[in-house]
Amino acid sequence: MSINDIQDDIVTTFDELDDWMDKYEYIINLGKLLEPMDPALKTQANTISGCQAKVWLYAEVNDGKMYFHADSDALITKGLIMLLLKVMDKQPPATVAETDIYFIDRVGLSSNLSPSRANGLASIIKNIKILARKAI
Amino acid sequence: MSINDIQDDIVTTFDELDDWMDKYEYIINLGKLLEPMDPALKTQANTISGCQAKVWLYAEVNDGKMYFHADSDALITKGLIMLLLKVMDKQPPATVAETDIYFIDRVGLSSNLSPSRANGLASIIKNIKILARKAI
Amino acid sequence: MLDIDTIRNDFPILREKVYGKPLVYLDNAATTHKPQSVLDRVINHYSRQNSNCHRGAHFLSEQASAAYESARESVRSFINAQSPAEIIFTRGTTESINLVAESFGRKFVRADDEIIITQMEHHSNIVPWQRLCESRGARLKVLPMNKKGMLKLDRLSKLITENTKLLCVSYVSNTLGIVNPIREIIDLAHRYDVAVLVDAAQAVQHIPLDVQEMDCDFLAFSGHKMYAETGIGVLYGKQRWLEAMPPYQSGGGMIGNVGLRESTYAELPLKFEAGTANAAGAISLQAAIDYLQEIGLDAIVNYENELINRAVESIASLEGVIVYGDFPQRCGVVSFNLENAHPYDVGMILDKLAIAVRSGNHCAQPLMEHLGISGTVRISLALYNTPQEIDKLIAGVEKCRDMIGSRYVTTK
Amino acid sequence: MLDIDTIRNDFPILREKVYGKPLVYLDNAATTHKPQSVLDRVINHYSRQNSNCHRGAHFLSEQASAAYESARESVRSFINAQSPAEIIFTRGTTESINLVAESFGRKFVRADDEIIITQMEHHSNIVPWQRLCESRGARLKVLPMNKKGMLKLDRLSKLITENTKLLCVSYVSNTLGIVNPIREIIDLAHRYDVAVLVDAAQAVQHIPLDVQEMDCDFLAFSGHKMYAETGIGVLYGKQRWLEAMPPYQSGGGMIGNVGLRESTYAELPLKFEAGTANAAGAISLQAAIDYLQEIGLDAIVNYENELINRAVESIASLEGVIVYGDFPQRCGVVSFNLENAHPYDVGMILDKLAIAVRSGNHCAQPLMEHLGISGTVRISLALYNTPQEIDKLIAGVEKCRDMIGSRYVTTK
Ligand SMILES: Cc1ncc(COP(=O)(O)O)c(C=O)c1O
Ligand SMILES: Cc1ncc(COP(=O)(O)O)c(C=O)c1O
């Protein structure tokens, strides 16, 4: 699947969910599935600021693909990270750096969450892109 | 005439004037009748601050009565001074200090002119009372 | 008793739906909504008497100036200040405190002097003092809290030295809702000749204030937290302090004479009000005061206390919930957490149920550190909230617990 | 051409009567009136999306924050700033200038440095610099005017030394209505590495602004003079300056982390916006910008220029009248006096004819000293003024001349 196929898939999933409560239930349950991050990686340098919840993000490059490790102390943020990683994980750095992340908007998460700093979804995406650009 | 008779007289005069334009015409013409003040009395110490126009005020006490000398560079202010002096001039200091100056309100000059600092009618009255209290 | 239906009808925003559900607004400590009478008064001002205050001498300008000064008089009487000269209109609590920090600080705070704040202050009553102390080489001291969330008053007399210039303390904590024993604190400080600034941002809408009885030296609050517009607030200061302090901002309106080299300043209160006055804001504050007084502040206090007690009891009775602070009577505010849940998750889920609460550190990070947590879920009440809304909240928190705690695994 | 009837209908206050006569409002440089669309937007905000911005994460709070940031974007685009980070919401021009004086001053102005202002500045662009120079031991220098009311630009390069840090100049004089050659001034200053602050309080409602083309370092204006609410204004600053400057006021909203000892600050523009944002004010400014853009700024400029020219010509043609300033195109403002009459008398009589003008020193005492007078009568126009109103003014001034000059003696 191309990166945009994945995004479209997410959009479809959300479209099928009836209301915001269901959508958040879905996000929360995704959050529960996020693989635990190695505590050694939860360093100050890997902390993203600007979010109400704590967010850690780290990436390795292997065989020309990015492998992300991320975590948060809030379940919803974990779920949002899951969505982002569905799209971005195991993709080549250039793809990650260049991809337009449109699913957030389409799903309605951006108008719903921005521009408050509480969520920091924008911060997370920005940091993913920075890591990708460094890895190119 | 008692001081309040004079005040009542002023109120009647103004009541008979049809509109604000006539009332101000009356005040302006009164202003033209104000006796010139001795330039030597126009000192910094005799200047009242808080008015848009310059106002000078000085009082002498003779035979237990107050004699006011006052001037302004604006005609309307001169006219207002004339009205105040009609009431206050040549009265005993205690009377000046204690008299409630109600004609201003009754005539509608206070709601019309206060609380802006431009006119300073309140300042002039305050200073008249200060001079009177000093002279008691 | 308040006639809550009528009151709710006064607030147009309460008719709004959020995600298709009726809005349950429990974030009133952040900002309250505005009754129609306040909005009407603002519109009336702009539609009938708008003009620059204290500048022109024409009819509209006189009207606007009179309205502005009448608003000042309303505030004076509302908090029982001695004179309108003691009422400075500012943008809000934050600016009021900054004004004192800068102006009182410039005049009275020297190197090695001390300012005391408390551990439960809002950032707006912390950072200005940090900056003042930094720039003056003064020391910032902190009056700590005990485990129950109460100030350790017995420490205060030990903290105060002869170098202590000012004590800055909130009347009501915006996070725990505790009401500090303000008169006791002020009396103690005054015994050592220490002036007291009271942050009344969370008190003025819930408790009748009397600055003369309280004997505080300064008191600050915001209009927008008491049913008035944003952009207007008040600094009360005892006249002798305000007389002695240099102006804060400068420009049109606060000066006597301006030469190119030197200027003299206007009298109180205008000396502290540089630039065009926010007359509409002041008038909205007056309208809000009128609104509160029509309903009756005592009736409001009773109603709000009953409501907050009901809220605390119901929340505390839920399993897996921690309520912060342990003291008899909360004012307006309760903070809590779900065990093992991040307050952000709880806030977001409640939001989807159309229940607006605030989650986070509530601009009180030092208090959070004291509690050993990163944030709480906070509900805060206004006079238009109802027992039914508390019930919805409780059901909402239970729903959060289920959702966050459940082991349900999506198959997608 | 503007459709003036429709425009006048947009402003509810223009239907008011003063002393039974239709209001002729010619005091727009003090403050303008507000179109219904601005009022509606404010009411809509309070009735539908009111909440504290950038604090909560609930629906209303997101709505309010989005609306507030959208207002910032409107301002950015209106003056063509590079980034919304360069747009700081303040209370007004006076506060914007105070912010720069305090924050730029603290960072960049040392003893023996110099600040240059001009002789035609408004008090709000004089006193903050006097106070800065006083507190820092810096020098305030003044660029003089010539007899015609124009700045002596040839003096500028001689005034500037290597210690000069900032030049503060108004784009349009609030007293004479002269438009200073702002780009020439800025270019010259920049040639010597001197930063420039532009006081655009009297420009923004009359002239399209482009801060990038102008290349000013700072620019300040007030909402209430451009058809928006009181209590809101703007400071534009080049990002690199704003980044380098320390915060001004401090408290909630402008911080990153707060410990009891130390705090870090938020990013631009929030770093300079302590306390609860005046969202309604910002939204009213956005609505005012929308209103101006719907009518079209070019059409407004043309109309206002024609009107002011007509006013100047008619006033100047009156016998016994002195018009101040001698230059080709006035912007919005004309100052004049009746020979031998105090401006206060003229202003008061015009007021009784329901014509609102301003008389006095217009917060520009140094300019008055230059002219050797204590005040002027000033008329100032907005887009809703009409040629008929100018005619009424002229008749009014003639009436003043008659009344003040007449030898009529009362018999009372
Ligand atoms: C040129 C100029 N600068 C500054 C100001 C001050 O504006 P404000 O009172 O809105 O702060 C004004 C208006 O009074 C002005 O005309
Ligand atoms: C206790 C306390 N102090 C100060 C503030 C700051 O008020 P404002 O943001 O209106 O300046 C608040 C509200 O946020 C508060 O709750």
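Residues numbered from 1 in each chain as written. Chains lettered and ligands numbered in written order. Predicted model: local features only at pLDDT ≥ 70, side-chain atom pairs only at ≥ 80, totals over all residues. Heavy atoms only, no water.

This next bit is on the overall build of chain A. When helices and strands are counted, chain A shows seven helices and three strands. Mapped in sequence order, the helices and strands of chain A form the string α-α-β-β-β-α-α-α-α-α. Relative to the 2.2 N^0.38 estimate, which gives 14 Å for 136 residues, the radius of gyration of chain A is 14 Å and therefore close to what a compact globule would have. Each principal axis of the C-alpha distribution contributes one length, and for chain A these read about 40 × 30 × 25 Å. The buried share of chain A, reckoned over its 136 residues, is 54%. (Helix = DSSP H or I, 4+ residues; strand = E, 2+ residues; numbered from the N terminus. Rg over C-alpha atoms; globule rule 2.2 N^0.38 Å. Buried < 20%, exposed > 50% of the residue type's maximum accessible area, 1.4 Å probe, protein only.)

Close contacts around ligand 2 come from 13 residues, with Thr94, Asp199, Ser222 and Lys225 of chain C together with Thr276 of chain D the closest. Neighbouring residues of ligand 2 are not confined to a single chain but are spread across chains C and D. Ser222 of chain C places a side-chain nitrogen or oxygen 2.6 Å from an oxygen atom of ligand 2. Coverage of ligand 2 by the protein amounts to 96% of the 390 Å² it exposes when considered alone. Broken down by class, the residue content of the shell around ligand 2 amounts to one nonpolar, ten polar and two charged. (Near = heavy atom within 4 Å. Polar contact = N/O pair within 3.5 Å; in protein donor to acceptor, adjacent residues only side chain to side chain. Areas by Shrake-Rupley, 256 points an atom, 1.4 Å probe, with all protein chains shown as cover. Nonpolar A, V, L, I, M, F, W, Y, C, P; charged D, E, K, R; others polar.)

Of all residues adjacent to ligand 1, which total 13 residues, the nearest are Thr276 of chain C together with Thr94, Asp199, Ser222 and Lys225 of chain D. Those residues lying near ligand 1 are distributed over chains C and D. Between ligand 1 and Gln202 of chain D, the relevant distance is 2.7 Å, taken from an oxygen atom to a side-chain nitrogen or oxygen of the residue. In isolation ligand 1 exposes 390 Å². Once the protein is present, 95% of that is buried. Considering only residue class, the shell around ligand 1 consists of one nonpolar, ten polar and two charged.

Okay, the sheet that holds strand S6 (residues 139–143) of chain C next. All names here are of chain C. Strand order in this open sheet of seven strands is S4-S10-S9-S8-S7-S5-S6, and the pairing throughout is mixed. Since the sheet does not close on itself, it has two edges, and those belong to strand S4 (87–90) and S6, each with one partner. Put simply, the sheet's adjacent strands are angled 20° from each other on average, direction ignored. Bridging between strand S9 (residues 218–222) and strand S10 (residues 233–237) involves five bridges; their strand directions are antiparallel. What sits directly across from Phe218, in S10, is Gly237. (Pairing = 2+ DSSP bridges. Axes fitted to C-alpha atoms, helices over the stretch in contact; angles between N-to-C directions.)

As a further point, take the confidence of the model for chain A. Residues and elements named next belong to chain A. With 91% of its residues at a pLDDT of 70 or more, chain A has an overall mean of 89. Averaged pLDDT values over the elements of chain A bottom out at 59 in helix H6 (residues 109–113) and peak at 96 in strand S3 (residues 65–72). Contacts for the low-pLDDT stretch residues 112–118, under 50 throughout, to residues beyond four places or in other chains number 34 contacts. (pLDDT = per-residue confidence, 0-100. Contact = heavy atoms within 4.5 Å.)

Attention shifts here to helix H5 (residues 127–136) of chain C. Residue and element names in this part refer to chain C. Most of H5 sits out of view: seven of its ten residues are buried. Val127, Pro128, Trp129, Gln130, Arg131, Leu132 and Cys133 are the residues of H5 that are buried. A positive phi of about 70° marks Gly137, the residue just after H5.

What the rule picks out here adds up to 42 salt bridges over all chains. Across the salt bridge formed by Lys238 of chain C and Asp215 of chain C, the nearest N and O atoms sit 2.9 Å from each other. Of this pair, Lys238 of chain C sits in the loop between S10 and helix H9 (239–244) while Asp215 of chain C sits in the loop between helix H8 (211–214) and S9, and the two are 23 residues apart along the sequence. With a shortest N-O distance of 2.8 Å, Glu69 of chain D and Arg72 of chain D are connected by a salt bridge. (Salt bridge = Lys/Arg side-chain N within 4 Å of Asp/Glu carboxyl O.)

Residues and elements named next belong to chain C. Once the domains are mapped, chain C shows domain 1 (4–30 + 296–407) and domain 2 (38–293). If you average the C-alpha positions of domain 1 and of domain 2, the two centres end up 28 Å apart. Interface area lost by domain 1 to domain 2 is led by Leu297, Cys331 and Leu367, which between them contribute 22%. For the interface between domain 1 and domain 2, the tally reads 17 residue pairs in polar contact (both at pLDDT 80 or more). For the side of domain 1 that touches domain 2, the secondary-structure elements that each account for two or more residues are helix H11 (297–316), strand S14 (333–338) and helix H13 (365–371). Here the side of domain 1 that touches domain 2 gets six residues from one element, more than from any other, and that element is H13. (Domains from an automatic or database assignment. Buried area = accessible area lost by both parts, 1.4 Å probe.)

Right, let's talk about the relation of the copies chain D and chain C for a bit. Superposing chain D onto chain C requires a rotation of 180° together with a translation of 0.0 Å along the rotation axis, leaving an RMSD of 0.0 Å. Expressed as an axis order, the relation between the two copies is that of a two-fold axis. Judged by C-alpha distance, Gly231 of chain D is the residue of chain D that lies nearest the rotation axis, at 3.0 Å. Looking at the interface residues of chain D, 100% of them are also at the interface in chain C, so both copies use one shared face. (Least-squares fit on C-alpha atoms with pLDDT ≥ 70 in both.)

Moving on, we come to the interface of chain D and chain C. Taken residue by residue, the interface counts 86 residues in chain D and 86 residues in chain C. Linking chain D with chain C are four salt bridges, by the criterion used here. Among the salt bridges present, the one from Arg91 of chain C reaches Glu95 of chain D, with a minimum N-O distance of 2.8 Å. Applying the counting rule to chain D against chain C returns 36 residue pairs in polar contact (both at pLDDT 80 or more). Ranked by residue count, the leading element in the side of chain D that touches chain C is helix H2 (residues 36–49) of chain D, at seven residues. Of the residues assigned to the side of chain D that touches chain C, the class counts are 36 nonpolar, 34 polar and 16 charged.

Moving residue by residue along a regular strand, the side chains alternate between the two faces of the sheet. Residue and element names in this part refer to chain C. Along strand S17 (residues 376–380), five of the five residues are buried, which leaves the element largely enclosed by surrounding structure. Of the two faces of S17, both are covered, the one formed by Thr376, Arg378 and Ser380 as well as the one formed by Val377 and Ile379. Two elements, S14 and S17, share four bridges in a ladder whose sense is antiparallel. From the neighbouring strand, Ser335 faces S17, where its bridge partner is Arg378. Strand direction decides the pairing type here: strand S16 (residues 358–360) and S17, joined by three bridges, are antiparallel. By the bridge assignment, Gly360 is partnered in S17 with Thr376.

This part takes up the pairing of strand S3 (residues 65–72) of chain B. Residues and elements named next belong to chain B. As paired strands, strand S2 (residues 55–62) and S3 are joined by eight bridges and run antiparallel to one another. Residue pairing for S3: Tyr58 is matched across the bridge by His69. Once S2 ends, the chain turns through two residues before running back antiparallel as S3, passing Asp63 with a positive phi of about 55°.

Residues and elements named next belong to chain C. Summarising the element assignment, Ala354 is placed in the loop between helix H12 (343–352) and strand S15 (355–356). Taking C-alpha positions, Ala354 is 30 Å from Arg41, a pair spaced 313 residues apart along the chain. Excluding residues that lie within four positions of it along the chain, Ala354 makes contacts with Val18, Tyr19, Lys21, Pro22, Leu23 and Val24.

The next thing to look at is the side chain of Gln119 of chain C. With respect to the helices and strands, Gln119 of chain C occurs in the loop between strand S5 (114–118) and H5. Among the polar contacts made by the side chain of Gln119 of chain C, one reaches the main-chain amide nitrogen of Met145 of chain C at a distance of 2.8 Å. Residues within four places of Gln119 of chain C in sequence aside, it is in contact with Val142, Leu143, Pro144, Met145, Pro366, Leu367 and His370 of chain C together with Leu260 of chain D.

Another aspect to go through is the packing of aromatic side chains. Aromatic rings in a pair are described by how distant their centres are and how their planes are angled relative to each other. Counted under the stated rule, the structure contains 26 aromatic pairs over all chains. Pairing Phe14 of chain A with Tyr26 of chain A gives two aromatic rings, centres 5.4 Å apart and planes at 85°, and the pair type is edge-to-face. Of the two residues, Phe14 of chain A is situated in helix H1 (residues 3–16) and Tyr26 of chain A in helix H2 (residues 20–33); the sequence distance between them amounts to twelve residues. Classification of Tyr26 of chain A as buried rests on a relative accessible area of 7%. Measuring from ring centre to ring centre gives 5.7 Å for Phe11 of chain D and Tyr291 of chain D, while their planes differ by 80°; the resulting arrangement is edge-to-face. Of this pair, Phe11 of chain D sits in the loop between helix H1 (4–9) and strand S1 (17–18) while Tyr291 of chain D sits in helix H10 (residues 279–295), and the two are 280 residues apart along the sequence. According to the relative accessible area criterion, Tyr291 of chain D is buried, its value standing at 7%. Connected via pairs of aromatic rings, a cluster forms that spans Phe11, Tyr227, Tyr291 and Tyr384 of chain C. The ring of Phe327 of chain D has Arg330 of chain D sitting right over it, with the charged end atom 4.6 Å from the ring centre. (Phe/Tyr/Trp six-rings, centres within 6.5 Å; stacked < 30°, edge-to-face > 60°. Lys NZ or Arg CZ within 6 Å of the ring centre and 35° of its normal.)

Okay, the packing of helix H11 (residues 297–317) of chain D against helix H14 (residues 387–405) of chain D next. Residues and elements named next belong to chain D. Packing of H11 against H14 brings their axes to within 10 Å, and their N-to-C directions diverge by 20°. Taken together, the axis directions place H11 and H14 in an arrangement best described as roughly parallel. The handedness of the crossing between H11 and H14 is right-handed. Here Tyr303, Leu307, Arg310, Ala311, Ser314 and Ile315 of H11 lie close against H14, whose contacting residues are Pro387, Ile390, Asp391, Leu393 and Ile394. Counted by class, the contact of H11 with H14 contains eight nonpolar, one polar and two charged residues. (Parallel < 35°, antiparallel > 145°, perpendicular 65-115°, else oblique. Left-handed = near helix turned anticlockwise from the far one by under 90°.)

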